[in-house]
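# Observations on chain architecture
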Amino acid sequence: MQQVDTTRTLLLTQGYEPIKIVSWQRAITLWSLDKVDIVDEYDAEIRAVSFVVRVPAVIRLRKAVRRHVKPVKFSRVNIYARDGHRCQYCGVKCTISELTYDHVVPRSRGGATSWDNIVSCCYACNAHKANRTPAEAKMKLRSIPTRPTWMPAVQIRVSAQSVPDAWRDYVYWTGEIDHDEGTDLV
Ligand SMILES: [Zn+2]
């Protein structure tokens, strides 16, 4: 069998939601068991005695599975994900390093550090709002913050440099999740 350097396959639910990364051997096994369809392939080939197949880059479960729903962890990156990486005041889309979080009702006024009082915020808006409520600062929230019920792809750990092109349509997260995932607010 030929040595392949594209060794990881992205596994999706039937609904195209990323579940996890598996080895290409596991991907081929799942495929040979008719459990998955191959959505996308790498150029690399696997040569066996009687067949040649391309290495699966993305596979998708044939059946819908009921996934155990864990509560979404209250963390900085998950707040950014909930808010679509947009400042909830000016609406600008930011990278994680350009975002901070804002207590809608300031902590000094008894505002809680919780899903419904924390929003993603760019540094400029954060500085402008300072220790005021949105009404006092005449800043309008773009959405009412709530606890999200699920988070796409948030458990998948990949780095921006190593995301195969074939995954980009499915993997929402890149890079920073390795560093920031699970960083709890204090
Ligand atoms: Zn802003």
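Conventions we followed
- Positions within a chain are numbered from 1, following the residues in the order the chain's sequence is written.
- With pLDDT at 70 or above as the cut-off, local features in this predicted model cover only qualifying residues; side-chain atom pairs require 80 or more to be listed or tallied, and sums for whole chains, interfaces and linings still use all residues.
- Hydrogen atoms and water are omitted, and side-chain values are computed over all heavy atoms in the structure.
- For Phe, Tyr and Trp, rings pair up if their centres lie within 6.5 Å, where Trp contributes its six-membered ring, and each pair is then called stacked (planes under 30 degrees apart), edge-to-face (over 60) or tilted (otherwise).
- Here a helix means four or more residues in a row that DSSP labels H or I, a strand means two or more in a row labelled E, and each is numbered from the N terminus.
- The cut-offs for exposure are 20% and 50% of the maximum accessible area for each residue type, with area from a 1.4 Å probe on protein chains only; residues under the lower value are buried, those over the upper are exposed, and the others partly exposed.
- A pairing counts as a salt bridge when a side-chain nitrogen of Lys or Arg comes within 4 Å of a carboxyl oxygen of Asp or Glu.
- Coordination here is defined by N, O and S atoms within 2.8 Å of the metal (3.2 Å for Na, K and Ca), and since water is not considered, a site can look incomplete.
- Think of it this way: with four donors and all angles in the 85 to 135 degree range, the site is tetrahedral; with four or six donors, opposite ones beyond 155 degrees and the rest between 65 and 115, it is square planar or octahedral; otherwise it is irregular.
- In protein, a polar contact requires one atom able to donate a hydrogen and another able to accept it; more generally it is a pair of N or O atoms within 3.5 Å, and residues adjacent in sequence count only if both atoms are side-chain atoms.
- By definition, residues are in contact when any of their heavy atoms lie within 4.5 Å.
- Only buried Ala, Val, Leu, Ile, Met, Phe, Trp, Tyr and Cys residues count toward a nonpolar core, and they belong to the same one when joined by side-chain atoms within 4.5 Å.
- It is the directions from the helix axis to the C-beta atoms that the arc portrays.

### Describing the packing of aromatic side chains
Summed over all chains, the structure comprises one aromatic pair. Judged by centre distance (5.2 Å) and plane angle (65 degrees), the rings of Phe74 and Trp115 are edge-to-face. Placement of Phe74 in the loop between strand E4 (52-61) and helix H2 (76-82) and of Trp115 in the loop between strand E5 (99-103) and strand E6 (118-122) is noted, with a sequence separation of 41 residues between them. Of the two residues, Phe74 and Trp115, both sit in the buried class.

### Topic: the pattern of salt bridges
On inspection of all chains with the given rule, the structure shows six salt bridges. Between Lys129 and Asp102 there is a salt bridge whose closest N-O contact spans 3.2 Å. Taken as a pair, Lys129 in helix H3 (residues 123-129) and Asp102 in strand E5 lie far apart in primary sequence, 27 residues in all. Classification of Asp102 as buried rests on a relative accessible area of 3%. Overlapping salt bridges bring together Asp34, Asp37 and Arg62 as one network.

### With respect to the coordination of the zinc ion
Reference geometry at the metal: tetrahedral coordination by four donors gives ideal angles of 109.5 degrees; octahedral coordination by six donors gives 90 or 180 degrees. The zinc ion binds to the protein through Cys87 (SG), Cys90 (SG), Cys122 (SG) and Cys125 (SG), with metal-donor distances spanning 2.3 Å. Here the zinc ion is ringed by four donor atoms whose angles at the metal span 102 to 116 degrees, and the overall shape comes out tetrahedral. In terms of primary sequence, the donors binding the zinc ion are separated according to C-x2-C-x31-C-x2-C. Owing to a relative accessible area of 10%, Cys122 belongs among the buried residues under this scheme.

### Quick word on the side chain of Ser120
Mapped onto the secondary structure, Ser120 falls in strand E6. On the basis of relative accessible area, Ser120 is assigned to the buried category, the value being 0%. In terms of polar contacts, Ser120 uses its side chain to reach the backbone carbonyl oxygen of Ile79, at 3.4 Å. Once you skip the residues sitting within four places of it in the chain, Ser120 turns out to touch Ile79, Tyr80, Asp83, Arg86, Cys87, Gln88, Leu99 and Thr100.

### Thoughts on the environment of His128
Locating His128 in the fold gives a position in helix H3. Linking His128 and Met139, residues eleven residues apart in sequence, is a C-alpha distance of 9.3 Å. The contact partners of His128, leaving out residues within four places of it in the chain, are Ala137 and Met139.

### Concerning the nonpolar core
Formed by 20 residues in total, the largest nonpolar core has its most connected members in Ile79, Cys87, Tyr89 and Cys125. Of all the elements, E6 adds the most residues to this core, at four residues. Ignoring anything within four residues of it in the chain, the contact list for Cys87 reads Val92, Leu99, Ser120, Cys121, Cys122, Cys125 and Arg142. In terms of nonpolar packing, the next biggest core, distinct from the first, is built from 14 residues, Ala57, Val58, Ala166 and Trp167 among them.

### Some words on helix H1 (residues 24-32)
Taken residue by residue, H1 has Trp24, Ala27, Ile28 and Leu30 as its buried positions. All buried residues of H1 lie within an arc of 160 degrees about the axis, which places them on one face of the element. On the buried face of H1, the contacting elements are strand E1 (8-12), strand E2 (18-23), strand E3 (36-47) and E4. Asp34 sits one or two positions beyond H1 and adopts a positive phi of about 65 degrees.

### Details of the environment of Val92
Turning to its location among the elements, Val92 is positioned in the loop between H2 and E5. A C-alpha to C-alpha distance of 7.7 Å links Val92 and Cys122, two positions 30 residues apart in sequence. Residues within four places of Val92 in sequence aside, it is in contact with His85, Arg86 and Cys87.

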